[in-house]
Amino acid sequence: MTLDGETAVLRARVATLEALLAEHERAAAERVQRMEQLVADLSARTQVFEATLRSITDGVVVCDTSGRITHVNEAAASIMGSNRSGGAPSEDWETRYGIYYPDGVTPFPREETPLFRAAHGEQVDDVEMLVRHAKRPEGVLIETITRTIHDERGERLGAVVVFRDVTEHKRHEQEMAQQLVVEREKNETLERLRIAVHELSTPILEVWDGVLALPLIGVVDSKRSAQVMETLLESVVRMKGRYVILDVTGVDVLDTATADHLLKIVRAVELLGTRCVLSGVRPSVAQTLVELGVSFGKLVTLRNLKHGLKACMRWKETDAASAKGSG
């Protein structure tokens with residue numbers, strides 16, 4: 001081959017190498033550009049992620065699969081009493097914070113914490129923990145929700161815990177519960193007082209075998225007459241009363257309405273086969289009844305409880321004699 005031929009071959013090879021070099025440089029420039037774009041995209045996403053963490057008012061803590069904290073937002077740092085936030089990693093977070101069970105005494109083991117359990121694949125919700133630090137020596141009660149973080153292939157990357165300070169909420173719940181207990185106790189006391197007053201207002205006395213006495217005191221209106229009737233009828237059945245003395249010595253006002261209430265009580269008792277007598281009508285009350293034209297019909301009225309008891313004893317003797325004679 002001549003010198004000119006060899007020169008031409010060399011020039012062709014140089015041209016080829018220069019073309020390959022230019023292509024390589026162009027491809028390298030494209031790769032660098034793509035890498036710079038990826039870095040820019042990653043930086044932008046990181047900024048968005050960190051801005052998102054800062055904007056969340058609940059505490060957010062992220063860790064890797066080994067339990068090493070990778071991200072702590074400002075809300076979490078404030079609740080936990082730490083000055084560190086953002087992407088500051090920590091290997092010893094379980095010793096940096098005083099984490100206890102809600103009793104505030106029992107330490108929360110690292111392997112039992114929601115974040116550690118979620119980092120190992122568990123889903124843990126609604127766990128309460130108490131965090132104690134220098135700024136809050138009395139402790140901060142937090143409620144947590146945790147999730148395991150997976151990549152697109154389902155591989156575990158770590159865990160995230162979201163929590164909030166529920167100290168005041170729990171305190172309010174406890175105060176409301178205590179208030180409800182106090183209100184319930186107050187209502188029970190009032191109910192016992194009501195029952196006691198009711199029993200005192202309608203005392204049923206067994207003054208003799210089969211003879212019951214009911215001293216009435218105060219005003220006998222429709223509501224009270226219904227209570228008196230219910231109590232008296234129950235006592236007649238329970239005590240096997242054959243005779244009842246209604247003593248109205250303590251009744252200040254005995255008008256037409258009161259007399260009507262008393263007559264209804266008498267008729268109800270008589271339907272059970274029990275005889276009634278009215279005692280203790282005061283002279284002033286008797287005068288008022290006459291002026292009003294009130295009549296008790298066939299109801300026996302006597303001066304006082306003593307005379308009422310004597311009348312019942314006579315009826316009892318008469319009934320016993322009649323029963324003996326018919327037997």
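**Quick word on the packing of aromatic side chains**
Phase 1 of the analysis: Here the structure, examined in full by the defined rule, presents two aromatic pairs.
Phase 2 of the analysis: Judged by centre distance (6.5 Å) and plane angle (35°), the rings of Y243 and W315 are tilted. Of this pair, Y243 sits in strand β9 (residues 243-250) while W315 sits in helix α9 (residues 305-326), placing them 72 residues apart in sequence.
Phase 3 of the analysis: With a relative accessible area of 4%, Y243 lands in the buried category.
Phase 4 of the analysis: When the ring centre of Y100 is taken as origin, the NZ or CZ atom of R132, which lies over that ring, is 4.8 Å away.
Phase 5 of the analysis: A cation sits over an aromatic face here: R275 above W315, 4.0 Å from the ring centre.

**Brief notes about helix α6 (residues 222-239)**
Phase 1 of the analysis: The terminal C-alpha atoms of α6 lie 25 Å apart, and with 18 residues this matches the ideal 26 Å at 1.5 Å per residue to within 8%.
Phase 2 of the analysis: Of the residues making up α6, those classed as buried are R224, S225, V228, T231, L232, S235 and V236. Each buried residue of α6 sits inside an arc of 135° when the element is viewed along its axis, so together they form one side. Summarising the geometry of α6, the exposed residues directed more than 90 degrees from the buried face are S222, K223, E230, V237 and R238.
Phase 3 of the analysis: Once α6 ends, the next one or two residues include K240, with phi positive near 55°.

**Considerations on the sheet that holds β9**
Phase 1 of the analysis: Taken in spatial order, the five strands line up as β7-β8-β9-β10-β11 in an open sheet, and their pairing is mixed. Each having just a single partner strand, β7 (205-208) and β11 (300-302) make up the two edges of the open sheet. Ignoring strand direction, the axes of neighbouring strands in this sheet form an average angle of 30°.
Phase 2 of the analysis: By the bridge criterion, three bridges tie β7 to strand β8 (residues 211-217) in an arrangement that is antiparallel. Along β8, the bridge assignment pairs E206 with L212.
Phase 3 of the analysis: Here helix α7 (residues 256-270) sits on the sheet and contacts β8, β9 and β10 (275-279); the angle it forms with β9, its principal contact strand, is near 165°.

**Focus on the nonpolar core**
Phase 1 of the analysis: In this structure, L216, L232, V244, L246 and F296 are the most contacted members of the largest nonpolar core, which totals 25 residues.
Phase 2 of the analysis: Mapped by element, the contributors of at least two residues to this core are β8, α6, β9, α7, β10 and α8 (283-292).
Phase 3 of the analysis: Looking at which element gives the most residues to this core, the answer is α7, with six residues.
Phase 4 of the analysis: Discounting chain neighbours no more than four positions away, the residues touching L232 are I204, L214, V244, L246, I265 and V269.
Phase 5 of the analysis: Ranked by size, the runner-up nonpolar core spans 22 residues in total, among them V61, V72, F108 and A118.

**A few points about the packing of α6 against α7**
Phase 1 of the analysis: At a minimum axis separation of 10 Å, α6 and α7 run at an interaxial angle of 20°. Judged on the interaxial angle alone, α7 and α6 are roughly parallel. Between α6 and α7 lies a crossing whose hand is right-handed. Residues S222, S225, V228, M229, L232 and L233 of α6 lie in contact with α7, whose contacting residues are H261, K264, I265, A268 and V269.

**Re α7**
Phase 1 of the analysis: End to end, α7 covers 21 Å across 15 residues, agreeing with the expected 21 Å (1.5 Å per residue, within 8%).
Phase 2 of the analysis: Looking only at α7, the buried set comprises T258, A259, H261, L262, L263, I265, V266, A268 and V269.
Phase 3 of the analysis: Elements in contact with the buried residues of α7: β8, α6, β9 and β10.

Rules and cut-offs
- Residues numbered from 1 in each chain as written.
- Predicted model: local features only at pLDDT ≥ 70, side-chain atom pairs only at ≥ 80, totals over all residues.
- Heavy atoms only, no water.
- Phe/Tyr/Trp six-rings, centres within 6.5 Å; stacked < 30°, edge-to-face > 60°.
- Helix = DSSP H or I, 4+ residues; strand = E, 2+ residues; numbered from the N terminus.
- Buried < 20%, exposed > 50% of the residue type's maximum accessible area, 1.4 Å probe, protein only.
- Lys NZ or Arg CZ within 6 Å of the ring centre and 35° of its normal.
- Expected span 1.5 Å × (residues − 1).
- Arc of directions from axis to C-beta.
- Pairing = 2+ DSSP bridges.
- Axes fitted to C-alpha atoms, helices over the stretch in contact; angles between N-to-C directions.
- Contact = heavy atoms within 4.5 Å.
- Core = buried A, V, L, I, M, F, W, Y, C linked by side-chain atoms within 4.5 Å.
- Parallel < 35°, antiparallel > 145°, perpendicular 65-115°, else oblique.
- Left-handed = near helix turned anticlockwise from the far one by under 90°.

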